[in-house]
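Topology and contacts: notes
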Amino acid sequence: MNGVTGGRTLAIVLGTRPEIIKLAPIVRECVRTGADFTLVHTGQHYSDTLDSVFFDRLELPDPDYNLGVGSGSHAEQTGEMLIEVGQVLERESPDVVFVQGDTNSVLAGAIATSKLEAKLGHVEAGLRSYDREMPEETNRVVADHVADYLFAPTDQSKENLLREGIPESRITVTGNTVVDALYRNREIARRKSTVLSDHGLEGREYFLMTVHRAENVDEESRFRKILEGADRAAARHGVELIYPIHPRARERLDRFGIDVSDRIRLVEPLDYLDFLRLEASASVILTDSGGVQEEACVLGVPCVTMRDSTERPETVTVGANRLSSADPERIVRTVDEMLGMDRDWENPFGDGTAGKQILREVMPKTERVRQ
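First, a word on what this report is: a plain description of the structure on this page. On a predicted model such as this, the values are computed, not experimentally measured, just so you know.

1. Thoughts on helix α4 (residues 104–114)
Among the 11 residues in α4, nine count as buried, and that is most of the element. Buried within α4 are the following residues: N104, S105, V106, L107, A108, G109, A110, A112 and T113. Elements in contact with the buried residues of α4: β1 (9–14), α1 (17–33), α3 (74–92), β4 (96–100), β5 (119–123) and α5 (135–146). The N-terminus of α4 is capped by T103, whose side-chain oxygen sits 3.2 Å from the backbone nitrogen of S105.

Shown next as structure tokens:
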């Protein structure tokens, strides 16, 4: 356990880059207030480039446990994590366990906690795409329905939970911890990251793309269409498209024998500060990532989401994001539309104090004196 002894004890379960980023504000608040917490890393992202380096760059304490679960089918990965996380929680006996988002680590952490006396806090609760073909949708629904504390990022997320019969007393609208993370890290990235000069992008316009979800890269025809649409959009505007490629997507490119256009520059996965710098300086972002949709919205960068649905509808409502599906013609058209948008939309995800609000909600008043 990190922090002081006595009082209410906490555990924070994470396993992927987005979870590390979005739970970092809570970890930092635990450190700042002297809260007693255990940090459990499942190892769902098993590449050092994708996870452990973030602890160093984000100035976070090392995990108390690194379970090293790694790859496997959804069932294999979740099952192994459920066993390992359950054993850790039984050993540590925390009062409250935090999970964030919709990954297999979240599902395992939520189910493991539900079998114990500990309370479960689900950070980023209430997101819904209403697409049950996405495994993430199942994960987030299950986590919400076993959680004791549901930290909804927006009023719309709260309404989603209320419609499913979750008592209002369990729900707190806090804003999204992604805003906390961006506010802290975007200036650091501007000062420290050399990614633009490293890749010859200083003073140049470019598009940025992330595509990694199973429904997009595991089906060859869909992956080819997405790459075609992105290439055509970049060609239309005479810019290069930068694609930090996830290991899963690179493996699929090789398996399917897909030759990527010279206009699409494949680069190795980037650390958080470098990627944040690329996001902030891009003309437009094409993505299938939920977190990137949020980050683009907060940074004021137009976003095109190459999916059929999104669990971040607030980004669409405020005009920061539009869905293009995987259709090449629609991708090109949607990029044109977003490049023509004003960037004066309102940030729907809060004021950057979500981490403080979340910790305050679970800690007894007697333990808040140091806050």
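Moving on from the coordinates now.
2. Quick look at the sheet that holds strand β13 (residues 321–323)
Taken together, six strands build an open sheet; the order of strands is β10-β9-β8-β11-β12-β13 and the sheet is parallel. With partners counted over all chains shown, the strands left at the sheet margins are β10 (264–267) and β13, one partner each. For this sheet the average axis-to-axis angle between neighbouring strands, irrespective of direction, equals 25°. Note: strand β8 (residues 206–210) against strand β9 (residues 240–244), three bridges, orientation parallel. Counted as the bridge partner of L208 is I242 from β9. Together, β8, β11 (284–287), β12 (303–305) and β13 form the strand contacts of helix α13 (residues 290–299), whose direction differs from that of β11 by roughly 165°.

Cut-offs and rules
- Along every chain, residues carry numbers that run from 1 in the direction the sequence is written.
- Residues qualify for local features only when their pLDDT is at least 70, as the model is predicted, and side-chain atom pairs are given and counted only at 80 or more; totals for whole chains, interfaces and linings, by contrast, use all residues.
- In computing side-chain properties, one takes all heavy atoms of the structure into account and sets aside hydrogens as well as water.
- For each residue, the accessible area found with a 1.4 Å probe, counting protein chains only, is set against the maximum for its type, and the residue is called buried under 20%, exposed over 50%, and partly exposed in between.
- We count a stretch as a helix when DSSP gives it H or I for four or more residues in a row; a strand needs E for two or more, and each element gets its number in order from the N terminus.
- Residues are treated as being in contact if the distance between any of their heavy atoms lies within 4.5 Å.
- Pairs of N or O atoms within 3.5 Å make up the polar contacts considered here, provided that, within protein, one atom can donate a hydrogen while the other can accept it, and that residues adjacent in sequence are counted only when both atoms are side-chain atoms.
- Pairing between strands is defined by DSSP: at least two bridges between the two strands are required.
- Fitted lines through C-alpha atoms give the axes, limited to the stretch in contact for helices. The angle between two N-to-C directions lies from 0 to 180 degrees.

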